[in-house]
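For reference, the chains in residue letters:
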Amino acid sequence: MKWKTTLVLFVIAAGVFAYLFFVERNRPGTEEATRQAQNVVNFSRDKVNGIVIQNGDDQIDIRRRDDKWRLEIPIKDQADGSVVKSLLLDLENWQKDAAISAKEMEADKNKLADYGLANPKLRLKLIGPDTPPEIFFGKDAALEGKMYVRFGNSKETFLANQSVKKAIDKKPEDFRDRKLTDLIMAQVVRVVLKTSAGEMELQKKGDHWDILKPLHTRADDQKVSDLIAQVTTARIQQFVADDRGDLHPYGLAEPHGSLTLFAQDDKSAGRTDSSRGEQGQILQIGGPATAGEKEKDQVYVRFSPRGFVYTLPKKIEEILNSRPNDLRDRHLVRIDTKILDRLTIDAPGKGKTVFARKDESWTIAGRNNAPANSGEVRRLIDRLQNEQVTKFVEDVASNLPKYGLDKPQLTVTFSSFASENTAETKAGEQPFASVAFGKVEGENVYARVGDEPFVVAVHRNLLDQILTDPLQWQELSIFNFKPEQIHRVTVTTDKESALVRAENNHWNWAKGSGPINQTNLQSLLNSLATLHAVRWIGSTTPAHAFDKPRLVVTFTTSPDDKTTHTLTIGAPTPDGMSFAKVDEREGTFALNNPDLNVLKLPLVGQESPSPSPSPTGSASR
C-alpha cells in the first residue's frame, strides 16, 4: 500500500504548491501591503477603461478606445491622454491622512452633511474590472490642503489631500486634447494643398518628397517636413463649436484654403489623382477669430477627423502662401551614395574619365584601375550633391540650344554596377542620375539633370571643381617606400653626385668626395621615399621645362640597382611651387617648396678641423 501513501503525499504537495503559486505569490509583501493600506484607492491603471466625473448637473465621460482616450459626454472628441494619465497617477498615489470609521459617522447623523458627503456635488467613478466603488468628494477640512472623501458603498470617511479634487473639478474642455492631431510627421506620405492660387500635391517616395502637381519635380525634404509640422504640432487655442451648423460666421463655408495629410495606412494615400474622393485629414482655414480680444491673433479652422471649429494661431495661415518654387529642392542633383559604384566625367573633345569604387576608395577605370585621388573624388560628389540652384530658368526644356544643353560641354553621370544578372537588374553599369552643363552666362552656368524637363542655373565655379583630364585625378602619393629600401641615389643639378649603400648599411660615394652629411642625406631619403604631389597638373607640355631641368634625382630600390626611379624638377609653377614628373607615372604634378628644399640639401659635409700642436720649449721648465 506504499504507493497509496506516496500518491496522497504527492496530492498534498501539489496542493501546497498550487496555493503558494496562485495565492501567496499574488499577495503583496509586508511593505507593499502597508503602502496599499495607506492608499485611498487601490486599482490597476491598465484595467481602467473609463472615467466618469459627476460635477453637479454636469457629467464628463471619458473612455479608452483602441488604447486612446476619448470624451463621450458631454461632447465627442479626442481627450488629452496626458491629462488622463496624470489623473490616474494622482489616484494611485493618493494617501489617507486619517480615517473616521463608519460606526463613528453613524453615531452622529449630521456628520455626512457637515462633511459635504451626504449628497456630494463632485463624484468620480472608474470603469473596468476590479475598479473601486464610486468616490465621493466632500468639503475642505480645517487642515490646509485637506478634504473629506468616502466611497459610495460605505460611510467610512477619509481625510486626504485635495490633489485629486483639483484634477477633476474642471470644465469638459479642460479634458479635450489641444493637440490638433495625433498624426506624427513620419506617418505622412502625401500632402494636398488647395489655395486660391491652385492646387499643389506632394508625395513621399522612399525617404524623399516629390512635387506631383502642378509640376513633377523633386521637393525639398526639410521644407516639406516644416510644412507638415505646422499641422502635426499645432495647438488648439479655443474650442468654438461643432461643424454641423452655419459655418459662414467663421469663414469656413468657403474656406481660404485647405491642407490634407494622408498617412501610410490611408486608402487614398497613394493616389496621384486628387480629384477622386479624398480621405485623409483635412484642415480648412477660415477667417480671423472675432469673439474677443484674446482671439485677435487667431484664425478659425475646421479639422475633419474631429468635426469641430477651433481657433489656431494666425501663423497657420502661412501654409496657404506656399508655392511650388518655395518647396522645390534647390539641390542640383539627388545622389544615392549607397548604390554609387561608377562616376563618369565626359567632356567632348577632352576625353572621358570613369571612376570605379573599390571598397571605400576609387580607381580610374579607364587607366587600368590605377588608384585615384579618392579624397578628391569624394569631395566632388559632396560638392555636386550639396550644390544649390541659383535660379529655376525654365520648367519646360523646349529650347536646349539656347542654353547650350543640346550639346553639353560637360556631363557627369552616376551609376550603380552589377557584376551578374539578377531578377532586378542586368549585369553592367546602370546610370541612375546625371548632370549636363551648357553655356556659361555671367556668374552662372546652365544645367539640366537627367531627363528632367527643367533648365536651371548654378554657380559657374562649380565647373572648376570638375577636372576633365584623367591625369589630374591620379592619387597624390608619388613614392611609397621605406628610406632603408633605397640602395643608390644620384642627385644632378649643375653637377652630379652619387651615393651607394654599403653592406654595413653605411653610405659611400659612387661619384663625389669628401665627408658625407649624414643628416642631410637622411632627410633626402625620408622625403624621397614618401614623396607626395600637391596636385596633378595634367599632361606634360614644353612649358614645364623638363628639357632643361633644375634638378634630377635618380634612385634604386634593389641591391642590383636594376629597379630605378627618376624624379625630374622643371620650371616653377605660377603659384610658386615646381613642376615635377616621374618616369613611372604619366603627366606633371606640382611639388611643394619644403620637399624641393630637402632634395637640394648639400650632401657633402664640412671637414673636421685638425687639432692644434701643443706648445713646447722653456714654458715647461
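Below you will find a few notes about this structure. Small disclaimer: the values here were computed from a predicted structure and weren't measured.

1. Considering the overall build of the protein
Regarding its fold elements, the protein presents eleven helices and 35 strands. Burial status across the protein gives 43% buried among its 621 residues. For the protein, contacts bridging at least 24 residues in sequence account for 59% of all contacts bridging at least 6. A total accessible area of about 34100 Å² is found for the protein, and carbon and sulfur atoms account for 49% of it.

2. Remarks on the pattern of salt bridges
Applying the stated criterion across every chain, the model contains 27 salt bridges. Here Lys 47 makes a salt bridge to Asp 130, at a shortest N to O gap of 3.3 Å. Of this pair, Lys 47 sits in the loop between helix H2 (30-38) and strand E1 (50-55) while Asp 130 sits in the loop between strand E6 (122-127) and strand E7 (135-140), and the two are 83 residues apart along the sequence. Judged by its relative accessible area of 63%, Asp 130 falls in the exposed class.

3. Some thoughts on the environment of Ala 590
The residue Ala 590 is located in strand E35 (residues 588-591) in this model. Through-space distance from the C-alpha of Ala 590 to that of Val 534 is 5.4 Å; in sequence the pair is 56 residues apart. Setting aside residues up to four positions removed in sequence, Ala 590 forms contacts with Ala 533, Val 534, Arg 535, Ile 537, Met 577 and Ser 578.

4. Remarks on the sheet that holds strand E34 (residues 578-582)
The strand order across the open sheet built from eight strands is E30-E29-E28-E32-E33-E34-E35-E31, with neighbouring strands paired in antiparallel fashion. For this open sheet the edge positions go to strand E30 (507-511) and strand E31 (535-538), each flanked by a neighbour on one side alone. For this sheet the average axis-to-axis angle between neighbouring strands, irrespective of direction, equals 25 degrees. Where helix H10 (residues 518-529) meets the sheet, its contacts fall on strand E28 (488-492), strand E29 (496-501), E30, strand E32 (551-556) and strand E33 (564-572), and the angle it forms with E28 comes to roughly 100 degrees.

5. What to know about helix H7 (residues 221-232)
With twelve residues, H7 extends 16 Å from end C-alpha to end C-alpha; this agrees with the ideal 16 Å at 1.5 Å per step. For H7, every residue scored as buried is listed here: Val 224, Ser 225, Leu 227, Ile 228, Val 231 and Thr 232. Seen along its axis, H7 keeps its buried residues to an arc of 160 degrees; they face one direction. Of the surrounding elements, those touching the buried residues of H7 are strand E10 (188-195), strand E11 (198-205), strand E12 (208-213), strand E15 (257-263), strand E16 (281-288) and helix H8 (324-327). By the N-cap criterion, in which a side-chain oxygen at the helix start approaches the backbone nitrogen of a residue two or three places on, H7 is capped by Asp 220, the distance to Gln 222 being 3.0 Å.

6. Remarks on the sheet that holds strand E9 (residues 157-161)
Overall, antiparallel pairing links the nine strands, which are arranged E4-E3-E2-E1-E6-E7-E8-E9-E5 in an open sheet. At either end of the open sheet lies a strand with only one pairing partner, and these are strand E4 (77-78) and strand E5 (96-100). As paired strands, E6 and E7 are joined by three bridges and run antiparallel to one another. The partner of Arg 123 across the bridge, within E7, is Phe 136.

The rules we used
Residues numbered from 1 in each chain as written. Predicted model: local features only at pLDDT ≥ 70, side-chain atom pairs only at ≥ 80, totals over all residues. Heavy atoms only, no water. Helix = DSSP H or I, 4+ residues; strand = E, 2+ residues; numbered from the N terminus. Buried < 20%, exposed > 50% of the residue type's maximum accessible area, 1.4 Å probe, protein only. Contact = heavy atoms within 4.5 Å. Areas by Shrake-Rupley, 256 points an atom, 1.4 Å probe, with all protein chains shown as cover. Salt bridge = Lys/Arg side-chain N within 4 Å of Asp/Glu carboxyl O. Pairing = 2+ DSSP bridges. Axes fitted to C-alpha atoms, helices over the stretch in contact; angles between N-to-C directions. Expected span 1.5 Å × (residues − 1). Arc of directions from axis to C-beta. Polar contact = N/O pair within 3.5 Å; in protein donor to acceptor, adjacent residues only side chain to side chain.

Everything listed here is a matter of coordinates, which is why it stays silent on function.
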